[in-house]
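# Fold and contact review
So the chains spell out like this:
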Amino acid sequence: MEKVAFIKESVKTNKGKRTVIESEFTAGASIPPHYHRKFDKTFEVLEGEIRIWNGSEELILKAGESATVKKEMVHNYQIGNAKVVLKTTLIPGSLCFENAITLMQGIHNDGEHGGLAAVENNNMVYMAIISKLTDSNFLGEAGATLETFLLSEEGKQVMYVQNELLEKYCEL
């Protein structure tokens, strides 16, 4: 991601109905196959073009177009050759997902001087925390790598680091 995503609408203000996030992705970025158990996810392209695999269906969305991925549906996506601005709506909303965004913003804003030091040196810790908070259940190589890491001694510290970061950056 080029810029940290930000929350446009929160479960805190709409009684849990939805979470709306706006994100900017750099050209060529991709997210591996995963699914969410807790919410449906609608992608609306505000700028650029994105290729989404929704189960076995492949979609190419351009500015002004949208698609919904139902919970439990395996999906992944890839950004084309230009940046993409994407509005993502989760229904029902997810405070945990919002906390992940807030945590990423806090780490980004602190740079190397804050919570980033706890995760910057180990992308697996960061990936584990963000995937848990966003209810992202990865498949294939990404899922296997994450699962193996979480079973390691270092992986057993993820919850401790996650709780420290949530305390620092989020209203709990």
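Here, every reference points to the structure presented above.
What this report covers is the structure whose coordinates are included nearby.

Rules used in this analysis
Starting from 1, residues in each chain are numbered consecutively following that chain's sequence as written. This being a predicted model, a pLDDT of at least 70 is required before a residue's local features are given, and a value of 80 or more before pairs of side-chain atoms are given or counted; all residues contribute to the totals for chains, interfaces and linings. Excluding hydrogens and water, the side-chain figures rest on all heavy atoms present in the structure. Each helix is a run of DSSP H or I of at least 4 residues and each strand a run of E of at least 2, with the numbering of both proceeding from the N terminus. Buried, partly exposed and exposed residues are distinguished by accessible area as a fraction of the type maximum, computed with a 1.4 Å probe on protein chains only: under 20%, between the cut-offs, and over 50%, respectively. The Shrake-Rupley method, run with a 1.4 Å probe, gives the accessible areas here. Residue values count only the displayed protein chains as cover. Think of it this way: Lys and Arg go in the positive column, Asp and Glu in the negative one, and His and the chain ends go nowhere. Charge coordinates come from a single atom per side chain, which is NZ of Lys, CZ of Arg, CG of Asp or CD of Glu. In this analysis, strands are considered paired if DSSP registers two or more bridges between them. Convention adopted: a line fitted to C-alpha atoms gives each axis, helices being fitted over their contacting stretch, and angles between N-to-C directions are expressed from 0 to 180 degrees. Oblique is the label for every angle not falling under 35 degrees (roughly parallel), over 145 degrees (roughly antiparallel), or within 65 to 115 degrees (roughly perpendicular). Only heavy atoms matter for contacts: two residues are in contact if any of them lie within 4.5 Å across the pair. Polar here means any residue outside two lists: the nonpolar Ala, Val, Leu, Ile, Met, Phe, Trp, Tyr, Cys and Pro, and the charged Asp, Glu, Lys and Arg; Gly therefore counts as polar. Within 6.5 Å between ring centres, the rings of Phe, Tyr and Trp (the latter by its six-membered ring) count as paired, and their orientation is classed by plane angle as stacked under 30 degrees, edge-to-face over 60, tilted in between. By salt bridge we mean one thing: a side-chain nitrogen of Lys or Arg within 4 Å of a carboxyl oxygen of Asp or Glu.

Helices and strands together make up the secondary structure of the protein, namely six helices and ten strands. In terms of overall dimensions, the protein has a C-alpha envelope of 40 × 35 × 30 Å along the principal axes. Out of the 172 residues in the protein, the part that is buried amounts to 44%. Accessible surface computed for the protein: about 9,300 Å², of which carbon and sulfur atoms make up 50%. Looking at the protein, you have 18 positive and 24 negative side-chain charges, and the mean spots of the two groups are 8 Å apart.

Across three bridges, the pairing between strand β3 (residues 30–35) and strand β8 (residues 75–79) is antiparallel. For H34, the partnering residue across the bridge sits in β8 and is H75. The pairing of β3 with strand β10 (residues 137–138) spans two bridges and is classified as antiparallel. Across the sheet, the residue bridging to H34 is F138, located in β10.

The next subject is the packing of helix α4 (residues 123–133) against helix α6 (residues 158–169). Each pair of packed helices gets described by two things: the angle between the helix axes and the distance between those axes. The contact between α4 and α6 brings their axes to 10 Å, and the two run at 70°. Classed by the angle they form, the pair α4 and α6 counts as roughly perpendicular. Taking contact as the criterion, the partners of V125, A128, I129, K132 and L133 in α4 are, on α6, V158, M159, V161, Q162, L165 and L166. Broken down by class, the residue content of the contact of α4 with α6 amounts to nine nonpolar, one polar and one charged.

This paragraph deals with the packing of helix α2 (residues 95–110) against α4. The geometry of α2 relative to α4 is characterised by a closest axis approach of 7 Å and an angle of 145° between their N-to-C directions. In this structure, α2 contributes C96, F97, A100, L103, M104 and I107 to the contact, and α4 contributes Y126, I129, I130 and L133. The residue inventory of the contact of α2 with α4, partitioned by class, reads ten nonpolar, no polar and no charged.

A separate point is the sheet that holds strand β6 (residues 57–62). Pairing is antiparallel in the open sheet, where five strands are placed in the order β6-β5-β8-β3-β10. Unpaired on one side and paired on the other, β6 and β10 mark the two borders of the sheet. In this structure, strand β5 (residues 49–54) lies alongside β8, joined through five bridges in antiparallel fashion. Paired with I52 across the strands is Y77, a residue of β8.

Attention now goes to the packing of aromatic side chains. Per the stated rule, a full pass over the model turns up three aromatic pairs. Their ring planes at 85° and their centres at 6.2 Å tell us that F25 and Y77 sit as a pair that is edge-to-face. Placement of the pair is F25 in strand β2 (residues 19–25) and Y77 in strand β8, with a sequence separation of 52 residues. For F25, a relative accessible area of 8% puts it in the buried group. By the ring-pair criterion, three or more aromatic residues cluster together here, those being F25, F43 and Y77.

Right, let's talk about the pattern of salt bridges for a bit. Enumeration over the complete set of coordinates arrives at eight salt bridges. A salt bridge links K70 to D40; its shortest N-O distance comes to 3.5 Å. On the criterion of sequence distance, the pair formed by K70 in the loop between β7 (66–69) and β8 and D40 in strand β4 (residues 40–47) is long-range, its members being 30 residues apart. Taken together, the shared-partner salt bridges connect E24, E47 and K83 into one network.

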